[in-house]
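# What the coordinates show
What follows is the residue order along each chain.
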Amino acid sequence: LLLLCYTEEAAVIVSGLKNTDVFVGESATFTCELSHPGMKNVQWWLDGSPLHNNFVTEISEQDGMIHTLTLNDVACHDSGTVTFRAGSLISSAKLLVKGILLLE
C-alpha cells in the first residue's frame with residue numbers, strides 16, 4: 001500500500017504569474033497554478049496591499065490548485081506589482097495599465 005502524503009513544504013508553483021498590460025477600463029487577469037490543493041493562507045496583494053473579493057476584485061480557485069485574480073475596470077493608479085502568496089510560496093508579476101490617447 002502506497003500512501004502519498006502532501007505537506008505544504010512539498011507544494012510548488014507549477015505556473016506562476018505573468019506580466020500583464022491592459023488599457024484603462026479593461027480587466028486584468030492573473031493566474032497561478034500550484035502542484036496540489038489544500039494550501040493554507042492564500043493571499044493576493046497589489047503593491048503590498050492585500051486584496052479581497054468584491055465587485056472590482058474577483059478572487060477564485062479551481063480544484064484548489066488554480067488560483068485566479070481578476071481586477072475589473074482598472075485605472076492608471078492600479079499599475080504595480082501583483083503578488084500571489086500561498087504558505088511560503090510567492091509569485092509576482094507587473095501590471096501596467098495604459099491610458100488611451102485621444103487624437104483630435
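Residues numbered from 1 in each chain as written. Predicted model: local features only at pLDDT ≥ 70, side-chain atom pairs only at ≥ 80, totals over all residues. Heavy atoms only, no water.

Let me state the cut-off plainly: UniProt positions are given in the numbering used here, feature names are shortened, and annotations may be inferred rather than shown by experiment.
As annotated in an unreviewed UniProt entry, the protein chain is OBSCN protein from Halcyon senegalensis. Per UniProt, the protein chain has the following entry under Subcellular location (unreviewed entry): "Cytoplasm".

## Comments concerning the sheet that holds strand β6 (residues 57-62)
We apply this condition: DSSP-based pairing: two strands are paired if at least 2 bridges between them are found. Segments assigned H or I by DSSP are reported as helices when at least four residues long, segments assigned E as strands when at least two residues long, and all are numbered from the N terminus. Throughout, an axis means a line fitted to C-alpha atoms (over the contacting stretch in the case of helices), and angles, computed between N-to-C directions, take values from 0 to 180 degrees.
Taken in spatial order, the four strands line up as β1-β3-β7-β6 in an open sheet, and their pairing is antiparallel. This sheet does not close on itself; its edge strands, each paired only once, are β1 (13-15) and β6. Across the sheet, the mean angle from the axis of one strand to that of its neighbour is 25°, orientation sign disregarded.

## Section: the environment of W45
Rules: Partly exposed residues are those whose accessible area sits between 20% and 50% of the maximum for their type, while under 20% is buried and over 50% is exposed, using a 1.4 Å probe and protein chains only.
Locating W45 in the fold gives a position in strand β4 (residues 42-46). The exposure class assigned to W45 is partly exposed, which follows from its relative accessible area of 21%. Sequence separation of W45 and L69 is 24 residues, and the distance between their C-alpha atoms is 9.9 Å.

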